[in-house]
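# Fold and geometry: a report
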Number of protein chains: 2
Amino acid sequence: MTKKVYEFSEGNKDMRDLLGGKGANLSEMLNMGLRVPPGFTITTKTCIEFFELGGKFPEGLWEEVIEHVSKVEEKTGKKFGDSNNPLLFSVRSGAPVSMPGMMDTVLNLGMNDEVAKGFSKLTNERFVYDAYRRFITMFADVVMGAERKKFDEIYETEKKKDNAKTDPEVSTTALKKIVDSQKGLYKKEVGTDFPMDPYQQLKLAIAAVFNSWNTPRAITYRKIEGIPNEVGTACNIQTMVFGNLGQDSGSGVLFTRNPSNGEKTVIGELLFNAQGEDVVAGLRTPVSLTDLKNDYPKIYNELIENVEKLESHYKDLQDVEFTIEKGTLYLLQTRSGKRTARAAVKCAYDMVQEKLITEKEAVLRIEPRQIEFLLHKSIDPNSGKSPLTKGLPASPGAAIGQVVFVPKEAEEWKASGKKVILVRPETTPEDIAGMVAAEGVLTSRGGMTSHAAIVARGIGKPAIVGCEALHIDLEKEMFSVGDIVINKGDILAIDGLTAEVFVGEVPLIEPKISDEVEIILSWADKYRRLGVWANANDEADATKANLNGAQGIGLARTERMFLGVERVALVREMIMADTREDRQKALDKLLPLQKEDFKGLLRAMNQKPVQIRLLDPPLHEFMPREVDLVTEIFDMEKANEKQEEIEKKKTILNKVRRIQEANPMIGLRACRVGILYPEIYETQAKAIFEAASELKINGYDPKPEIMIPGTITYKELAYLKPYIIKAHKEITQKYGFEIPYKYGTMIEMPRAALTADEMAKECEFFSFGTNDLTQTGLGLSRDDAQGTFLPPYVEKKLLDDDPFQTLDKKGVGQLVKICVKLAKSANPNIKIGICGEHGGDPESIYFFHEAGLDYVSCSPFRIPVARLAAARIALIS
Amino acid sequence: MTKKVYEFSEGNKDMRDLLGGKGANLSEMLNMGLRVPPGFTITTKTCIEFFELGGKFPEGLWEEVIEHVSKVEEKTGKKFGDSNNPLLFSVRSGAPVSMPGMMDTVLNLGMNDEVAKGFSKLTNERFVYDAYRRFITMFADVVMGAERKKFDEIYETEKKKDNAKTDPEVSTTALKKIVDSQKGLYKKEVGTDFPMDPYQQLKLAIAAVFNSWNTPRAITYRKIEGIPNEVGTACNIQTMVFGNLGQDSGSGVLFTRNPSNGEKTVIGELLFNAQGEDVVAGLRTPVSLTDLKNDYPKIYNELIENVEKLESHYKDLQDVEFTIEKGTLYLLQTRSGKRTARAAVKCAYDMVQEKLITEKEAVLRIEPRQIEFLLHKSIDPNSGKSPLTKGLPASPGAAIGQVVFVPKEAEEWKASGKKVILVRPETTPEDIAGMVAAEGVLTSRGGMTSHAAIVARGIGKPAIVGCEALHIDLEKEMFSVGDIVINKGDILAIDGLTAEVFVGEVPLIEPKISDEVEIILSWADKYRRLGVWANANDEADATKANLNGAQGIGLARTERMFLGVERVALVREMIMADTREDRQKALDKLLPLQKEDFKGLLRAMNQKPVQIRLLDPPLHEFMPREVDLVTEIFDMEKANEKQEEIEKKKTILNKVRRIQEANPMIGLRACRVGILYPEIYETQAKAIFEAASELKINGYDPKPEIMIPGTITYKELAYLKPYIIKAHKEITQKYGFEIPYKYGTMIEMPRAALTADEMAKECEFFSFGTNDLTQTGLGLSRDDAQGTFLPPYVEKKLLDDDPFQTLDKKGVGQLVKICVKLAKSANPNIKIGICGEHGGDPESIYFFHEAGLDYVSCSPFRIPVARLAAARIALIS
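## Structural notes on the sheet that holds strand β10 (residues 287–288) of chain B
Residues and elements named next belong to chain B. Spatial ordering of the open sheet is given by β10-β9-β8-β11-β12, a layout of five strands whose pairing is antiparallel. If you trace the sheet from one side to the other, it starts and ends with β10 and β12 (328–336), each paired once. Where strand β8 (residues 250–255) meets strand β11 (residues 318–325), six bridges bridge the pair, whose relative direction is antiparallel. The residue bridging Ser 251 from the neighbouring strand is Thr 323, located in β11. Packed on one face of the sheet, helix α12 (residues 297–314) meets β8, β11 and β12 and runs near 25° to β12.

This is the structure in structure tokens:
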């Protein structure tokens, strides 16, 4: 039979798949010679077996557990359930991937009426009954699923009656009363007496730890973090040590480096005379490590020595939990610490300098999505506005939105298109979905390691915590700072880096990339296979793209150049033309304007390829809407305006009626317009070649590439090519030299992907237009879906993700794979890129790497993300 | 070296790929002991070699030709180019697949000034110089590409000068003059003297035959008939026999059975003292075989004996060309005769009775598309309208349209959405595209075997030919019958079966299927693997479908039942509802109406499955258009109507604005509506089960199947299933018995096809919605494309066919194949059908058979087509 239970001494840090992160690290710490309370771990495999058996203990498990309890009894000299020298356990989950705050824990297990009496003699009554009431509350809540609030209410009521302001002030008498009342409540709520048998407690607790893997909040967290459900959690059973045995006891957490900015200083918090849960819950504001240093320098030194050892050993920033029991330091947990993007970069860079890790490891230390946070805006310090108040800088980035107090409401407002700031006294795991929906989070309580802070950093939302000046009234849905009152719906701005809160709109500024980021990106560039290009429509965008390291432009949308009053008038002239001649006249006026635009782009990207997509949208996008014209004409008639003017409008109305479409997205647009009116594409091509020629004269090396949008058959490419060649010849003759160029197409329709072998023979490059490929592949109009059925689809989990953010791998991704395979086999020299929104999404980039694409093209500000993501997938695959 | 030339005696009818149809049949006839003028055939392979060499004779070809000329000289005792006893040749193309009228022919080859002189002594001068002038004209036109009109003009001018009314009246002197003038014109037009060397003539003619394979008209014909370009044509060189050597000579064509109605009587036409081309050209109206029987009974009997032998040998209706030279009968060609659908059915049926062919062969004798012609409408004989005139019933079916005289115009009018009748004196191969565009064709000249008649039958257009009462003025674009004048654009109706022409609109009636058709269809049913179901939305459609042999209903569109003023009002009430309760109220009113509809369908299809598709279109299809409401409100304001009424309209306008979409085809529709408002689908399901339950009580055996439209993920099916189950449970409880049903989905989006393995596990059947799958797969909105870019796309050959008529095999077809493979591997019991328009298209049906579908579903009137097509593909694959 497979071994189901491991003593800590039997494990090590590489066994996290089996023992979970917590269990593996407890074993590792023990092996390193650090002081860890003795205990053992039930494996993740056992958890999965448990589920397979429909929630029953696999054969032999309980026997192994009992055997290991005996071993711990031997090591500690204490005895489980022995009132004279009782052994108490903590029972905690521990999945292979860290899921802070998500899994349930039961402390002080083994306590009962007899034990309490005996234990009181060994320690003190107040401490024991405090531990007892904590145990009943946790056990009822976590193990039996009773409503915690009711147990807490008993405590709060008695505390009030007892005139106690803080927890340590609650008297022993009161605590005993609380324990009695809670046992009564337990019976009422659960239906059975509170179990006095420690082994029965343990059995139930183990099952509860396993079951906590499948609570909705755990499932939500895994969904957000992309952790598979089939992993399961281990269960750690560990001897209790007590941080609440007086002022020479305490519980704390620390980071070996600053998780917010990455600086190399141990940063932590602790609460004297408290259990660990008190620190994480954020109910009392903890003190810093400096207090420990001042009061207990020896323990402080031992702690620092231990955690430095841990960091060198793990070669990464560690997040450590410790407890001091009557002056003895115990390490309870170590794990790789969550950190801000800024801290991730600084740590990775510094650790390479310290020769702790290699450049490759440094690159892998930064989650690509994380680097985007560095590129988040911040509030302009020169705005002249004064902050309302300040809190703790829990997660960097600036956010502006309307205040809401209820997490569910944050989701609803978000769904209706609003931006919100979630304001709470503190947050709990139930609030995660609301935090995800909010632009930013602001809490009045808790420290840098509170739930709100950890989650906000994890999901990359700006957050300020512990902002104690806030007086929040959840009933009235308002808060006040002094006499300033902020109601639900008011606009608030927060900056998670400065921790400043502003009322109303404030100007935001663009981020700057630090030298350390630049260096890490340059390391990333060494290892990635995918090229990273940018989508840019003008010189300004192209310049930004260049600064961020773009290797080319993968999409320049020429129609964006048709905007602006003067140009739209010309475009309308072109559309209104009844003959080819009239159309050409309008085009000839557009040509010099387009040429200047192209010059800007090609100049900015000198020597790098620039893929210019010829006219793509349906023509009527440039025309007024039918209903607006009808209204206008009515108004003109009402105002008795000149008949002549009205007739002019009517002419436009007629044209609009003629060209309007039922489904413009899949109507007369893209190359279909080019095929009906080849003079449009020919003129655009001329503008491109002319722009390039003029630049070449001035010493530039322009590399234009012409991209045909919306093709569905290779014949379209063959049909349009001669017009491009004609334009090229004409410009070559005019300037006396030739501009080399490439000819390619967007792959935006399923048929284009499915006939890629034919398409590939007609051109030199493909660029996936994954936005449109998603729209056609899923038959899903983005404009129509995003306001109506797409949010409920994602919410009801009918779709895993918004397919316009992360590529739908199973559907659209399959088209991509089929296309690449067909294309490369028909034309091995073809270059294939992607220029949809997905080009800047790490998950999608991993897929594109594996699908064999040559490059991704994304918004200029997402280029660093793409560079890192491309390196990551190249390094791990 | 491969043999390039075959003597007729060396071939047989099974060598048509190599020798072409004509060559193979000439060989066969010779082998059968029939009298065939000696000759030889150059193979189709040689033709392709010729093209590969860029239009040059392959090595050895010419030597083989010369050798075979000698052999013919031996057989005939005549000599090629010998003025004393000259051998003249006809040189004709002959492709493996018959292409009547499409390929060029040169007659009387070998003629020159010397030969003419000598030959005149053997026959008569008039005949010889008539043959000479024909030869020059044909040679100049066909071989050298000169303008035939100019040569004909010389003839017509001299004929007039000669006061000759008919061709035989033209004098020998005039003919000699004509020959001289034409030789002069030849030199002027071609640039060289008319070639006097017979071998040079032959060499040029062979090249011309090969080259005629690639004339635009030949390419167009092949395109229409779906014949590949790589086949090539053979070239037949055959001793001339002369039908124009006096009144005991003649040329004719005949069918061994009536090609219009299939009756078993030899039907033919001949012209005395004429060459074959005169008969086909339709310039003189020929006499019937009865004249031959009366004047030359012996020849007539020999002819009848010969062709009956041919028919029994070929076991098919034969189209035979013959020439009588001074009382001697020669057979020049035999081939399977083109026939109407009616004739095809009758022949196939009769031949099975005559034990000539098997049932399987009979089924294969009928082109599936052809049977549809039997299902064409005819003009109601009880309309009370009198026909304007009558002609020859060349191709059955009735058509109504506006008169046009120019074929190009027919195409243009068709493109702009008009229906036209093409009226011409006669038609030529250049007119084919115009004939295809027209609803029907009407000519004033020519017989049942004229070009117009043959082509119209081939492409299935109603046609009346030889309508001599018509006086057509092409200049003025009008025609008159007596004093009635019909101008371009006037409405005309024709019935190709009765050959009656009507002015203005006339009522049409539905066709009736004959017993013979029924029997052949029952044979077809034995051999097909594909089921044939019908798309039907109401009891009337379902009844028609049943009569035509539908095995089930593959698509009943429930939204069609929402039409009608009363129901639309209820649907609007449902859409306008702000709460689920209000929506349910409106639905509850719709339920009894829907139930009655479903009862009708299920009753009509008793015992056969009925797949009912739940609500599919976007809701705003039931609402007025925004622009119409705005106009209405303006008008109401102008008319000072009650503010209250105006406000009501404005409420509707606001709702319309809220729900209107940019791209409704790919917006909130189909199952997306069902997922947002599950009460709609639940109510529909209830109506279905209730309808079925009520029928069951009355002794029926209803088989409802519920079809979910527009899915893109299996999760949608899983999400909606409980609502159907709930409805089912409720109705089961109400009636006390259970209605068995199936649950399935449409496959309309590429993603559904690409994830078919997942989808197949959630349901029991798939039905391809190939219309929408084409729209999404090609990113092509049918509504928008068909009026704008789709016609030019097909015209410019950017797409092979209209993808909404014939399935786009390469693109959409690939999705179908991927889907079927994935689905059947994941759920081997799944039934897969198709209910798009393609379900009635033979080409598409062949594809669906090969792709492994279980059934096709099509319009009720197309069911016979589908039954035949399904049998055909099963028999030949």
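After presenting the structure, the write-up continues.
## Here's the deal with the pairing of strand β26 (residues 531–535) of chain A
All names here are of chain A. Taking burial as the measure, the five residues of β26 include five buried ones, the bulk of the element. Of the two faces of β26, both are covered, the one formed by Gly 531, Trp 533 and Asn 535 as well as the one formed by Val 532 and Ala 534. Here β26 pairs with strand β33 (residues 855–858) via four bridges, running parallel. Across the sheet, the residue bridging to Trp 533 is Ser 857, located in β33. Looking at chain direction, β26 and strand β27 (residues 553–557) are connected through two bridges and run parallel. Looking at β27, one finds that Asn 535 is bridged to Leu 555.

## Things to note about the interface of chain A and chain B
Each partner contributes residues to the interface: chain A has 59 residues there, and chain B has 59 residues. With both chains or domains summed, chain A and chain B bury close to 4,900 Å², and 61% of this area falls on carbon and sulfur atoms. Across the salt bridge formed by Lys 715 of chain A and Asp 800 of chain B, the nearest N and O atoms sit 2.9 Å from each other. One can count 30 residue pairs in polar contact (both at pLDDT 80 or more) joining chain A with chain B. Classifying every residue of the side of chain A that touches chain B gives 25 nonpolar, 14 polar and 20 charged.

## Focus: the relation of the copies chain A and chain B
Once chain A is rotated about the relating axis by 179° and shifted along it by 0.0 Å, it coincides with chain B to within an RMSD of 0.3 Å. Seen this way, the second copy is the image of the first under a two-fold rotation axis. Nearest to the rotation axis, the C-alpha of Asn 663 of chain A is located 2.0 Å from it, this being the minimum over chain A. A share of 100% of interface residues in chain A that are also interface residues in chain B marks the association as one of identical surfaces.

Reading the values: the criteria
- Residues numbered from 1 in each chain as written.
- Chains lettered and ligands numbered in written order.
- Predicted model: local features only at pLDDT ≥ 70, side-chain atom pairs only at ≥ 80, totals over all residues.
- Heavy atoms only, no water.
- Pairing = 2+ DSSP bridges.
- Helix = DSSP H or I, 4+ residues; strand = E, 2+ residues; numbered from the N terminus.
- Contact = heavy atoms within 4.5 Å.
- Axes fitted to C-alpha atoms, helices over the stretch in contact; angles between N-to-C directions.
- Buried < 20%, exposed > 50% of the residue type's maximum accessible area, 1.4 Å probe, protein only.
- Buried area = accessible area lost by both parts, 1.4 Å probe.
- Salt bridge = Lys/Arg side-chain N within 4 Å of Asp/Glu carboxyl O.
- Polar contact = N/O pair within 3.5 Å; in protein donor to acceptor, adjacent residues only side chain to side chain.
- Nonpolar A, V, L, I, M, F, W, Y, C, P; charged D, E, K, R; others polar.
- Least-squares fit on C-alpha atoms with pLDDT ≥ 70 in both.

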